[in-house]
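Structural characterization, general
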Amino acid sequence: MKIVFLDAQTMGKDIDLSLFKSFGEFRTYETTSPEECVAHIADANIVLTNKVLIDAATMDACPQLQLICVTATGTNNVDLVHASQKGIVVKNVAGYSTASVAQTTIMLALSLIGRCGYYDDFVKKGGWVEAPTFTHIERPFWELKGKRWGIIGLGTIGKEVAKIATAFGSEVVYFSTSGANNDALFQRLSLEEMLQTCSVISIHAPLNAQTKGLIDMNALTLMQEGSVLVNVGRGGIIDEVALAKIIDGKELYVGLDVLETEPMQKDHPLLHVKHPERLLMTPHIAWSSVEARTALMNLVAQNIQNFLNH
């Protein structure tokens, strides 16, 4: 059995991949360009891919291919119809990153609410050394207790964030992007009411026809002054051009872990805002705690074992 991991770099250097050697010959490539894909897996029986595209032409060029393991939840990088026609099994992994994404959501929100960047910079640049009093309250912050936290996408991750926000004393409400979700624990609002009444809004929805461009200029205009918006769902849900325009004219605080195009483009408008202190960005890391990546690899190995036992 020959197993190839096409983009092992996406798992980081601290995760042990040796468990896959128990299934047979195991090769890894840090990254794989579209032009390299066929060459890398020409004789493979099992392929692991996070984001590398496995299209119909690639499958046709790799006659030994039996199993495609997507090392993520989304399978949009695999031509599922063609795989089914060829009898190639496709397996993904779900549920491994719930705690990691929820924790990152809270990290981004609290960092923005607490103005952590400003105060850390103030101390490290000697401001506290020169301060006339024991404290320095230049940028006021507020408590989550008693504030309304709105969740867009009350799935598994959204519910975990709701639980944590509730522990802080927030009133949790949600907006159903599909219109079909009715949760007994939390109040469902229209998007407009959520935008107008919530101090924090976090996005945990997939990118689809209902969510593409959901948070546009009109939506951003409705948000409260001083409120916080966090997106750990998918890029493309927020109109990033509109966001870059409004963030300098209105006091909104925004935490982003995802963008519409990743990696980030060199000329992205969010790199040139006049109020960068209102913006906190991380490079799509919410899913990737050590525990989440370890669990992910174990679940991929279980998918392989189940396939071989079938």
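Residues numbered from 1 in each chain as written. Predicted model: local features only at pLDDT ≥ 70, side-chain atom pairs only at ≥ 80, totals over all residues. Heavy atoms only, no water.

Topic: the overall build of the chain
In terms of regular secondary structure, the chain is built from 11 helices and 12 strands. Dimensions of the chain along its principal axes, counting C-alpha atoms only, are 70 × 50 × 35 Å. Counting all 310 residues of the chain, 46% fall into the buried class. Within the chain, residue pairs in contact and separated by at least 24 positions form 62% of the contacts whose partners lie at least 6 positions apart. Roughly 15,500 Å² of accessible area belongs to the chain as shown, and the carbon and sulfur atoms make up 54% of that amount. Measuring between centres, the 25 positive side-chain charges of the chain sit 2 Å from its 33 negative side-chain charges. (Helix = DSSP H or I, 4+ residues; strand = E, 2+ residues; numbered from the N terminus. Buried < 20%, exposed > 50% of the residue type's maximum accessible area, 1.4 Å probe, protein only. Contact = heavy atoms within 4.5 Å. Areas by Shrake-Rupley, 256 points an atom, 1.4 Å probe, with all protein chains shown as cover. Lys, Arg positive; Asp, Glu negative; His and termini not counted. Charge placed at Lys NZ, Arg CZ, Asp CG, Glu CD.)

With respect to the UniProt feature "domain: D-isomer specific 2-hydroxyacid dehydrogenase NAD-binding" (unreviewed entry) in the chain
The UniProt entry lists residues 106-286 under the feature "domain: D-isomer specific 2-hydroxyacid dehydrogenase NAD-binding" (unreviewed entry), expressed in the numbering used here. End C-alpha atoms of residues 106-286 are separated by 11 Å, and the span's content is 31% helix alongside 15% strand. (UniProt positions renumbered as here; feature names shortened; annotations may be inferred.)

Regarding helix H11 (residues 290-309)
In an α-helix, one full turn covers 3.6 residues, which means residues spaced three or four apart are oriented alike. Between its terminal C-alpha atoms H11 stretches 29 Å, which fits the 28 Å expected from 20 residues at 1.5 Å a residue. Of the positions making up H11, those classed as buried are Ala292, Arg293, Leu296, Met297, Val300, Ala301, Asn303, Ile304 and Phe307. Check the buried side of H11 and you find it contacts strand E1 (2-5), strand E3 (46-49), strand E4 (67-70), strand E5 (89-91) and helix H4 (98-113). (Expected span 1.5 Å × (residues − 1).)

Structural notes on a nonpolar patch on the surface
A contiguous nonpolar patch, built from Met264, Leu271 and Met281 and spanning about 230 Å² of accessible area, is present on the exposed surface. Take Met281: it is sitting in strand E12 (residues 279-281). Residue classification places Met281 among the partly exposed positions, given a relative accessible area of 30%. (Patch = residues over 30% accessible without salt bridge, like charges linked within 9 Å, V, L, I, M, F, W, Y side chains within 5 Å. Salt bridge = Lys/Arg side-chain N within 4 Å of Asp/Glu carboxyl O.)

Description of helix H10 (residues 240-249)
Listed in full, the buried residues belonging to H10 are Glu240, Ala242, Leu243, Ala244, Ile246 and Ile247. A side-chain oxygen of the first residue of H10 lies 3.1 Å from the backbone nitrogen of Val241; this N-cap is Asp239. (Polar contact = N/O pair within 3.5 Å; in protein donor to acceptor, adjacent residues only side chain to side chain.)

Considerations on the environment of His284
Mapped onto the elements of the fold, His284 is located in the loop between E12 and H11. On the basis of relative accessibility, which here comes to 24%, the residue His284 falls in the partly exposed class. Residues His284 and Val258 lie 26 residues apart in sequence; the distance between their C-alpha atoms is 5.3 Å.

Some thoughts on the UniProt feature "domain: D-isomer specific 2-hydroxyacid dehydrogenase catalytic" (unreviewed entry) in the chain
Per the UniProt record, the feature "domain: D-isomer specific 2-hydroxyacid dehydrogenase catalytic" (unreviewed entry) sits at residues 13-309. Between the end C-alpha atoms of residues 13-309 the distance is 30 Å, and the span holds 34% helix and 14% strand.

Focus on the packing of aromatic side chains
The full count for this structure, using the stated rule, is 3 aromatic pairs. Taking the centre distance of 5.4 Å and the plane angle of 35 degrees together, the rings of Phe20 and Phe26 count as tilted. Judged by relative accessible area, Phe26 falls into the buried class, the value being 15%. The interplanar angle of 25 degrees and the centroid separation of 6.3 Å between the aromatic rings of Tyr118 and Phe122 together place this pair among those described as stacked. Note that Tyr118 and Phe122 are positioned in helix H5 (residues 116-124) at a spacing of 4 residues, about one turn of the helix. Chaining the aromatic ring pairs together yields one cluster made of Tyr118, Tyr119 and Phe122. Across from the ring centre of Tyr253, 3.9 Å away, lies the NZ or CZ of Arg115, which sits over that ring. (Phe/Tyr/Trp six-rings, centres within 6.5 Å; stacked < 30°, edge-to-face > 60°. Lys NZ or Arg CZ within 6 Å of the ring centre and 35° of its normal.)

Overview of the domain arrangement of the chain
By domain assignment, the chain separates into domain 1 (2-93 + 290-309) and domain 2 (97-281). Here the C-alpha centre of domain 2 lies 34 Å away from the C-alpha centre of domain 1. (Domains from an automatic or database assignment.)

Description of the side chain of Arg115
Structurally, the position occupied by Arg115 is in the loop between H4 and H5. The contacts of Arg115, once residues within four sequence positions are left out, are Arg139, Pro140, Trp142, Glu251 and Tyr253.

Considerations on unusual backbone geometry
Cis geometry is found at the peptide bond from Glu262 to Pro263, where omega equals 0 degrees. When you line up the elements, Pro263 lands in the loop between strand E11 (253-256) and E12. Even without being a glycine, Arg115 presents a positive backbone phi close to 55 degrees. A relative accessible area of 11% means that Arg115 is categorised as buried. Here His284, not a glycine, exhibits a phi torsion of approximately 50 degrees, which is positive.

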